[in-house]
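# Fold and geometry: a report
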Amino acid sequence: ADGSELTFDSTSDFRGPNDEVDALPAKMIRVWQLALCRRPSPDELLSVVDFASKQLAYLDGHRDRLPKDVSPVRQVLVNLAQVLITSNEFLYVD
């Protein structure tokens, strides 16, 4: 509005997706919805939360196992996606 030019440096200013642990439950539900086209049941959600907590604990203690520039939260989501796309529900139509 004042006529000054605004610049945006996508390399340094872009922060990417939120990798906070607090955002993980909602992201896990979204991964589930994208892979299986439905929300997880309450029992499935408990299993997923247990899976994620164990994965985070392991990855926090073994950062050398993470790919370069990948956070533990991001890797948990990748691992969950891999589990879901190898599930019978994903592979076989009822």
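Notes on the structure in this doc start here. (Residues numbered from 1 in each chain as written. Predicted model: local features only at pLDDT ≥ 70, side-chain atom pairs only at ≥ 80, totals over all residues. Heavy atoms only, no water.)

### Looking at helix α3 (residues 42-61)
As a reminder of what qualifies: Helix and strand assignments come from DSSP, with helices taken as H or I runs of at least 4 residues and strands as E runs of at least 2, each series counted from the N terminus. A helix's residues, less one, multiplied by 1.5 Å, set its expected span. In this description, contact between two residues means that some pair of their heavy atoms is separated by no more than 4.5 Å.
Its 20 residues place the ends of α3 29 Å apart at the C-alpha level, agreeing with the 28 Å of an ideal helix rising 1.5 Å per residue. Contact partners of the buried residues in α3: α2 (24-36) and α4 (72-85).

### Brief notes about the side chain of S71
Filter applied, for reference: The definition of a polar contact used here is a pair of N or O atoms within 3.5 Å, where within protein one atom must be able to donate a hydrogen and the other to accept one, and adjacent residues in sequence count solely through side-chain atom pairs.
Tracing the chain through its elements places S71 in the loop between α3 and α4. At 3.1 Å, the side chain of S71 forms a polar contact with the backbone nitrogen of R74. S71 has contacts with D19 and L66, leaving out every residue within four places of it along the chain.

### Here's the deal with a nonpolar patch on the surface
To keep things clear, this is the line we draw: Only residues above 30% relative accessible area that lack a salt bridge enter a patch, with like-charged residues linked at up to 9 Å and the nonpolar side chains Val, Leu, Ile, Met, Phe, Trp and Tyr linked at up to 5 Å. Throughout, the Shrake-Rupley method with a 1.4 Å probe supplies accessible areas, and for residues the shown protein chains are the sole cover considered. One speaks of a salt bridge when a side-chain nitrogen belonging to Lys or Arg is within 4 Å of a carboxyl oxygen belonging to Asp or Glu.
On the surface, a nonpolar cluster with roughly 420 Å² of combined accessible area is contributed by I85, F90, L91 and Y92. By the element assignment, F90 lies in helix α5 (residues 88-91).

### Structural notes on unusual backbone geometry
Non-glycine residue C37 carries a positive phi angle of around 60 degrees. Phi angles above zero are rare outside glycine, and D69 is one such case at about 65 degrees. On the secondary structure map, D69 appears in the loop between α3 and α4.

### Let's talk about the packing of α2 against α4
Definition in use: For helices, the fitted line uses only the C-alpha atoms of the stretch in contact; every axis is such a line through C-alpha atoms, and the angle between N-to-C directions lies from 0 to 180 degrees. Each angle receives one of four descriptions, namely roughly parallel if under 35 degrees, roughly antiparallel if over 145, roughly perpendicular if within 65 to 115, and oblique otherwise. Each crossing is labelled by how the near helix is turned from the far one, with a counterclockwise turn of less than a right angle marking it left-handed and a clockwise turn marking it right-handed. Residues are grouped as follows: Ala, Val, Leu, Ile, Met, Phe, Trp, Tyr, Cys and Pro are nonpolar; Asp, Glu, Lys and Arg are charged; all remaining types, including Gly, are polar.
Relative orientation of the contacting elements α2 and α4 amounts to 25 degrees, with a least axis distance of 10 Å. By the criterion of interaxial angle, the relationship of α2 to α4 is roughly parallel. Taken as a pair, α2 and α4 cross one another with a handedness that is right-handed. Within the contact between the two elements, α2 uses L24, K27, M28, V31, W32, A35 and L36 and α4 uses V73, V76, L77, L80, A81 and L84. Here the contact of α2 with α4 is composed, by residue class, of twelve nonpolar, no polar and one charged.

### A short note on the nonpolar core
Applied cut-off: Nonpolar cores were defined as sets of buried Ala, Val, Leu, Ile, Met, Phe, Trp, Tyr and Cys residues, with membership established by side-chain atoms within 4.5 Å. Per-residue accessibility, obtained with a 1.4 Å probe over protein chains only, is compared with the maximum for each type, and a residue is labelled buried under 20%, exposed over 50%, and partly exposed between these values.
In this structure, L24, M28, V76, L80 and L84 are the most contacted members of the largest nonpolar core, which totals 16 residues. Only α2, α3 and α4 provide two or more residues apiece to this core. In terms of residue count, the dominant contributor to this core is α2 (six residues).

### Examining the environment of Q82
Turning to its location among the elements, Q82 is positioned in helix α4. Classification of Q82 by relative accessible area gives partly exposed; the value is 46%. Linking Q82 and A35, residues 47 residues apart in sequence, is a C-alpha distance of 9.5 Å.

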